[in-house]
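Residue-level listing of the chains:
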Amino acid sequence: MSFRDLTLYVVRHGETESNVAGWACGHDDAPLTANGIAHARANGRTLAEIADLAAVDFFASPQHRACCTMELLRESAGLPATGYRADGRLMEGDLGDHTRMNGHAMIQLARDSGDSWNYPRPNGESMADVHVRVGRFL
């Protein structure tokens with residue numbers, strides 16, 4: 001089997017309180033909202049319809065919001081909630097000093113740097129850093 005033969009399903013964590021408030025949380029954590037819980041469950045039902053889940057490995061970021069999403073998704077798909085592996089390489093970018101900053105303001109700072117891909121968040125990661133980390137997982 002080659003890499004081209006693999007199928008990858010990517011599901012983002014459900015909506016969190018920080019998403020609703022408009023601030024970026026990165027490695028900080030925020031609980032899922034009622035909408036986030038509903039979306040996680042709906043994604044589980046959809047995944048069960050389109051994939052043979054017996055042949056699928058499940059991985060999640062170890063962040064609480066991602067694990068909650070994964071467990072709700074798996075339950076809704078008819079699977080045991082905890083049948084997945086958490087891997088730190090899947091964590092969202094470390095926003096460092098920009099944690100809990102307004103998301104739009106944070107993005108603007110990166111744009112203003114002239115190189116938003118390589119812009120290192122103070123005491124955090126750049127998008128390039130995240131790309132390398134997630135690439136190591138893949």
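Residues numbered from 1 in each chain as written. Predicted model: local features only at pLDDT ≥ 70, side-chain atom pairs only at ≥ 80, totals over all residues. Heavy atoms only, no water.

1. What about the pattern of salt bridges?
Heads up, the condition is: When a carboxyl oxygen of Asp or Glu lies within 4 Å of a side-chain nitrogen of Lys or Arg, that pair is called a salt bridge. The helix count covers DSSP runs of H or I at least four residues long, the strand count covers runs of E at least two residues long, and both are numbered beginning at the N terminus. We call a residue buried when its accessible area falls under 20% of the maximum for its residue type, exposed when it is over 50%, and partly exposed in between, using a 1.4 Å probe and counting protein chains only.
Here the structure, examined in full by the defined rule, presents 6 salt bridges. Residue D28 pairs with R100 through a salt bridge whose shortest N-O separation is 2.5 Å. Taken together, the residues D28 in the loop between α1 (17-21) and α2 (34-50) and R100 in the loop between β2 (85-86) and α4 (103-112) connect sequence positions 72 residues apart. According to the relative accessible area criterion, R100 is partly exposed, its value standing at 49%. Taking the shortest distance from any N to any O, the salt bridge between D87 and R89 comes out at 2.6 Å. Assessed through its relative accessible area of 14%, D87 is described here as buried. Through salt bridges with shared partners, a single network forms among D29, R65 and E92.

2. Let's talk about helix α3 (residues 64-76)
Counted only if it meets this: Given the number of residues in a helix, its expected span is that number minus one, multiplied by 1.5 Å. Contact criterion: two residues are considered in contact whenever any of their non-hydrogen atoms come within 4.5 Å of each other.
For α3, which comprises 13 residues, the first-to-last C-alpha distance of 18 Å matches the rise-based estimate of 18 Å (1.5 Å per residue) to within 8%. Check the buried side of α3 and you find it contacts α2 and β1 (59-60). Phi turns positive, to about 85°, at G78, one or two residues after α3.

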